[in-house]
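So you can see what is in the structure, the chains are spelled out below.
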Amino acid sequence: MNLTLKIWRQPSVDKKGKFETYQINDISADCSFLEMLDQLNEKLINDSNGPVDFTKCPVSFDHDCREGICGMCGLYINGRPHGPDSGITTCQLHMRKFKDGDTIVVEPWRSKAFPIIRDLVVDRGALDKIIQAGGYVSVNTGGIPDANSIPISKRNSDLAMDAASCIGCGACVASCANASAMLFVSAKVSQLALLPQGKIEAKERVQSMVKEMDSLGFGNCSNTYGCEAECPKEISKSNIARLNREFIGAKVCYENEVTRAAGGA
Amino acid sequence: MSKIESKIPDGPIAEKWSNFKSHCKLVNPSNKRKIDIIVVGTGLAGASAAASLGELGYNVKIFCYQDSPRRAHSIAAQGGINAAKNYQNDGDSVFRLFYDTVKGGDYRAREANVYRLAEVSNSIIDQCVAQGVPFARDYGGLLDNRSFGGAQVSRTFYARGQTGQQLLLGAYSTLSRQIKKGTVKMYNRRDVLDVVVVDGKARGVITRNLTTGEIEKHFGHAVVLATGGYGNVFFLSTNAMGSNVTPAWAAYKKGAFFGNPCFTQIHPTCIPVHGDFQSKLTLMSESLRNDGRIWVPKNIEDVEKLRNKTLKPKDISEENRDYYLERRYPAFGNLVPRDVASRAAKERCDAGYGVGATGLAVFLDFSEAIGRLGKSVVEARYGNLFQMYEKIVDENPYETPMMIYPAVHYTMGGIWVDYNLMTTVPGLYALGECNFSDHGANRLGASALMQGLADGYFVIPYTIADYLADEIHTPRMSVDAPEFVAAEKAVKERLEKFISIKGTHSVDYFHKKLGKVMWEYCGMGRNEEGLKKALELIPVIRKEFWSDLKINGELNEYNPEIEKAGRVADFLEMGELMVRDALNRRESCGGHFREEMQTEEGEAKRDDVNFAYAAAWEYTGTDSEPVLHKEQLEFKDIELKQRNYK
């Protein structure tokens, strides 16, 4: 198939970007979207002669495992994070989802919390910072009792696994009009709140992670759930409800403790 | 006189590790604060090592090329992780896991290391559960297990088809905790381009900041490499696009011997190659072989009809199908180890019975399982894999058999290490897939995750102290020391060379060319003639690369072409060492199949008299031949036997 690509090009965070149009022909319907971009890049290298400006350099995009699990790839294609298919990442999108002669618009994730590094590559370090604020169980290596010493109901274990499937790609943020990271945060909070190992610090965790999220420039959740629709791992919005319950519970509990400590009721 | 010393502790095999731990040197807490450790790679081995060392009080710096430590390719492991818990009461034990791993590795691994691996396997499961890893459970709330990769016992713990992801996220979370505490400093989007050696000891690394292109120097009292495998030397593999040999190769050039480089695992159940533009291969968990039956048509006419689409696979009757694994290996059938299954597929395809557009595929058929178990059970077990297959191939595996073909997946070879996981350069360690030590010539399913976490959580924290105890008087070194400056200069010169060639072909062009040579002559079947041919072809491609490479863009900016150029430059040298090692090893063992060395039935023929050793190669210069050192493998607790899966 022959395609017209409109791709966001930007040399670095402090320079201006623009859409650039490229024509690419003879693309097989069986190849993946990223393999199509590989072919565009190969063409850009082969067609260039001497020093070239940034629009003639290969298009930069993040990717690594190319099997939908590492969470590194993420392109905003024709107005949708990860493009026109559901339950997949960009690297799993295949060209058979497009038609010969199509024009495809490719943009990076757009969010204040994700500054652009180059072209379609953004800095998602904010998501790591949220995990560092409490997305863990505080155990050191060694001295752990037998793994079967605490039975966990299959139901809770399965729900925890559903939430833990999050790959941290940031599509939820990119899909959200407010650039909220609630689905991401709620997935980690839920996973650990559902397991006895994570319960012990659940109250501190939820407060600390939400506080970090708010400080990093993510917007508020207004319950439109575009995040759930675009999540490549189909993480459920019910995790957001759980996060809210956990958060309110933690707040109430914390305020009671403060009152008690002050000698009140 | 060999320069290598394996440092295996004395005593009976079951007591070696305890003896070591009881007698190794320790570093007291106030001294740990004065010691810096560099860890390269944030996969299972690197993340678990950095977190554990940070908890102990060392200052850790950890590096990865991805945007986040959570992306490392351990994340793609699907099937599971082995441990000798014997929760299923089916006769498992530490000894049995040890035995199976040594036998599965075709008796080319070091007994003492493998025993320790089996011994610490149980602690890994405890650790991961405590971190909140949601392993599969039974209705009673206890952990579930499955049998995997031909094991006779159910010892594999799993988290759906995403075990690697869940274990890595566990390690990543514990690493994140240390980053927050300040004991570990994270450097993401960094390529580690050289290892700095001062007075014979590893003292640091040279890195390139991938966002800005800046070259940076970092000091450490010790350097730990956990950089994974080098399967991307073949261009097409199941590795991540960025997986590379560069830090390991830099270590090799600085004096770390390379162990068994030719031992490569070709995984039998991958989605077949479909075109020249293909960038990587996708693995389907081998758990599929628990219920799927592998076959090709019995009659060559049917192959032809399938290809021109006048016949559908399901219309070929039972008696006209060749279930070749069940035919050749009645005892293990479709569950034979990976190397055996891969070679058998190649044998059928080479004989002309392969299916699919290229003839390089075999069927993996679930119709019998769907009939026996019902579609819903098959869906519960493999639904996510079936969906993944359908997204890629656009065929529904519930209705028509899957097509699979072997693909490069894992490298058992790696940097040679002693029992302490130290390389031949003092203070330089190699962990996980990056080292050579535990899987011999073939790795069993669900053992890679086990080894990565064993090395990181439970081995390196002890063994590194034994070295660092003598380093407490070494002050932190300035990165302006001449050795750092010289290494930085060499790195910069090489990068500038990439840009200055201004040739006519992209990095990928050379990478694909190398990959074809490696796959053709050093892939599933190897012979003297082909290997010698590869030894002629690779230097020609290398020369062409260094005179005709074309890179757009600059050094001092985000430029993935520069990253790729560095990786491919190293693969072009690494490939040659693999071929040399394969040529030297005139025996068939595990993933290394020398066509001259097979039985009359076409099975691998090992030569224990001449080759019961680990090959450790010493670098002597890019254009001079490396020197071979041999670590003779002693089998005191396991009797050497020809593997037999019939």
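Each remark here, short or long, concerns the structure printed above.
**As for the pairing of strand E14 (residues 362-365) of chain B**
All names here are of chain B.
- What you see with E14 is no split at all: Val362 and Leu364 on one side and Phe363 and Asp365 on the other are buried throughout.
- Relative to E14, strand E12 (residues 293-297) runs antiparallel, the two sharing three bridges. Directly across from Trp295, in E14, lies its bridge partner Phe363.
- Here three bridges tie E14 to strand E15 (residues 402-411), and the two strands are oriented antiparallel to one another. Across the sheet, residue Phe363 finds its bridge partner in E15, namely Met403.

**Points about the sheet that holds strand E9 (residues 222-225) of chain B**
Residues and elements named next belong to chain B.
- The five strands are arranged E5-E2-E1-E9-E17 in an open sheet whose pairing can be described as parallel. With partners counted over all chains shown, the strands left at the sheet margins are strand E5 (184-187) and strand E17 (428-430), one partner each. Pairs of neighbouring strands in the sheet enclose a mean axial angle of 20 degrees, with direction left out of account.
- Pairing between strand E2 (residues 59-63) and E5: four bridges, direction parallel.

**Details of the interface of chain B and chain A**
- Each side of the interface is counted separately: chain B has 76 residues, and chain A has 76 residues.
- Both sides together, the interface formed by chain B and chain A hides about 6,200 Å², and carbon and sulfur atoms give 50% of it.
- Counting every contact that joins chain B to chain A gives eight salt bridges.
- In this structure, the salt-bridge partner of Arg96 of chain A is Asp394 of chain B, at a minimum N-O distance of 3.6 Å.
- Where chain B packs against chain A, one counts 46 residue pairs in polar contact (both at pLDDT 80 or more).
- Listed by contribution, the elements that provide at least two residues to the side of chain B that touches chain A are helix H3 (44-56), helix H5 (111-131), helix H6 (163-181), helix H12 (375-393), helix H13 (448-468) and helix H17 (560-584) of chain B.
- In terms of residue count, H6 of chain B provides more of the side of chain B that touches chain A than any other element does, 11 residues in total.
- When the residues that make up the side of chain B that touches chain A are grouped by side-chain class, the tally is 27 nonpolar, 29 polar and 20 charged.

**Focus on the nonpolar core**
- Formed by 247 residues in total, the largest nonpolar core has its most connected members in Phe218 of chain A together with Ile81, Phe135 and Phe366 of chain B.
- Apart from residues no more than four positions distant in its own chain, Phe366 of chain B is found in contact with Leu288, Asp291, Gly292, Val378, Tyr382, Phe386 and Met402 of chain B.
- Listed in part, the 27 residues of the second largest apolar core include Ile7, Cys31, Val59 and Cys91 of chain A.

**Description of unusual backbone geometry**
Residues and elements named next belong to chain B.
- The phi torsion at Arg189 lies on the positive side, around 45 degrees, for a residue other than glycine.
- Along the polypeptide, Arg189 turns up in the loop between E5 and strand E6 (190-198).
- Unlike most non-glycine residues, Asn260 shows phi in positive territory, near 40 degrees.

Scoring rules and cut-offs
Residues numbered from 1 in each chain as written. Chains lettered and ligands numbered in written order. Predicted model: local features only at pLDDT ≥ 70, side-chain atom pairs only at ≥ 80, totals over all residues. Heavy atoms only, no water. Buried < 20%, exposed > 50% of the residue type's maximum accessible area, 1.4 Å probe, protein only. Helix = DSSP H or I, 4+ residues; strand = E, 2+ residues; numbered from the N terminus. Pairing = 2+ DSSP bridges. Axes fitted to C-alpha atoms, helices over the stretch in contact; angles between N-to-C directions. Contact = heavy atoms within 4.5 Å. Buried area = accessible area lost by both parts, 1.4 Å probe. Salt bridge = Lys/Arg side-chain N within 4 Å of Asp/Glu carboxyl O. Polar contact = N/O pair within 3.5 Å; in protein donor to acceptor, adjacent residues only side chain to side chain. Nonpolar A, V, L, I, M, F, W, Y, C, P; charged D, E, K, R; others polar. Core = buried A, V, L, I, M, F, W, Y, C linked by side-chain atoms within 4.5 Å.

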